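Chain and residue survey
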Amino acid sequence: MSLEKAKQVAAFRAVDEFVKSDCVFGVGSGSTVVYAVQRLAERVELEHLKVVCIPTSFQAKQLILKHNLKLGELDTNPIIDVTIDGADEVDSNMTLIKGGGGCLLQEKIIASCSKALIVIADYTKDSVKLGDRYKKGIPIEVIPMAYVPIKNKVLAMYGGEIKLRSAIAKAGPVVTDNGNFILDWMFTNQDLDWEQVNTSVKMIPGVVEIGLFVKMCSKAYFGQPEGTVVERSA
């Protein structure tokens, strides 16, 4: 079975189990979430569900509009019933790396406003330790003027290697939806205390957010090669 099919079965299972009528639904970002929105649109049409969708990115907003779902925002819906989102990697403690698509700040804000954060992914995202499978590092969203000192401070604290993420089909760095840069930190120590790392990196002036989601995920669904879904709860 293809990776896309594995993503689809995980997404469909999560939407079927967690989305109910009169629900405020956080819509994550990335390729797997496309299938979640597709399934939500099917259920809204068939079951006449009343769901307000809160996007985590420009991409998520466009998905909501494309499927004629009701678009909301945090101003009017500050409490979200459930958010379904992807992840770049999930370790055995349900700590996540997110932000490969550059939307980590909005994703973490929406997750922090949610009663439950549910992750949907294919089997390649399921790891014992962060860094087992995902080799592109932990994203750190930073204020552009501060990216060099932030890079130096993170390396002084934890070592590894840090690269300023470069754009594709555009000269220069990636610019997030919020006008910031992204540093990708390739860490070498897989046994770091990720909760402490999350806190200490965010304390560096100029850091907007880090793509570590610690103690935020309630449940994860991993689509398998044979079409089944493996579930893991926090």
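Each remark here, short or long, concerns the structure printed above.
Residues numbered from 1 in each chain as written. Predicted model: local features only at pLDDT ≥ 70, side-chain atom pairs only at ≥ 80, totals over all residues. Heavy atoms only, no water.

1. Focus on the nonpolar core
Put simply, the test is: In this text, buried Ala, Val, Leu, Ile, Met, Phe, Trp, Tyr and Cys residues form a nonpolar core when linked through side-chain atoms within 4.5 Å. Each residue's exposure class comes from its accessible area (1.4 Å probe, protein chains only) as a fraction of the maximum for that residue type: buried when under 20%, exposed when over 50%, partly exposed otherwise. Numbering of helices and strands runs from the N terminus, with a helix taken as a DSSP run of H or I at least four residues long and a strand as a DSSP run of E at least two residues long. Working rule for contacts: check all heavy atoms of both residues, and any pair within 4.5 Å makes them a contact.
Formed by 30 residues in total, the largest nonpolar core has its most connected members in Val19, Phe25, Val27, Leu40, Cys53, Ile84 and Ile120. Only α1 (3-18), β1 (23-27), α2 (31-47), β2 (51-55), α3 (58-66), β4 (82-85) and β7 (117-122) provide two or more residues apiece to this core. Those residues in contact with Ile120 that lie beyond four places of it in its chain are Ala10, Ala11, Ala14, Thr32, Val33, Ala36, Ile84, Asp85, Gly86, Ala87 and Tyr221.

2. Digging into the pairing of β2
Rules: Should DSSP find at least two bridges between two strands, the strands are regarded as paired. For a crossover, the right-handed case is the one in which the path from the first strand over the helix to the second runs clockwise, viewed with the strands pointing away from the viewer.
Counting buried residues along β2, 4 of its 5 residues qualify, which places the element largely inside the surrounding structure. Relative to β2, β1 runs parallel, the two sharing 5 bridges. Note that in β2 the partner of Phe25 across the bridge is Cys53. Between the parallel pair β1 and β2, the chain is carried across by α2, and the sense of this crossover is right-handed. When β2 meets strand β3 (residues 70-71), the two strands line up parallel, connected through 2 bridges. Across the sheet, Val52 pairs through a bridge with Lys70, a residue of β3.

3. A short note on the sheet that holds β3
Within a sheet, adjacent strands bond to each other through the backbone by hydrogen bonds, running parallel or antiparallel. The condition is simple: Note on geometry: axes are lines fitted to C-alpha atoms, helical ones only across the stretch in contact, with angles between N-to-C directions running from 0 to 180 degrees.
Taken together, 7 strands build an open sheet; the order of strands is β3-β2-β1-β4-β7-β13-β14 and the sheet is mixed. Since the sheet does not close on itself, it has two edges, and those belong to β3 and β14 (229-233), each with one partner. With 3 bridges joining them, β1 and β4 adopt parallel strand pairing. When the sheet's bridge partners are listed, Val27 is paired in β4 with Ile84. Seen against the sheet, α2 touches β1, β2, β4 and β7 and runs at an angle of roughly 115° to β7.

4. Digging into the sheet that holds strand β6 (residues 96-97)
The sheet built from 3 strands is open, its strands ordered β5-β6-β12 with antiparallel pairing. Whereas interior strands pair on both sides, the edge strands pair on one side only; in this sheet they are β5 (89-90) and β12 (212-213). Bridge count between β6 and β12: 2 bridges; the pairing is antiparallel. In the strand pairing of β12, Leu96 is matched with Phe213.

By themselves, these observations are geometric and do not establish any function.
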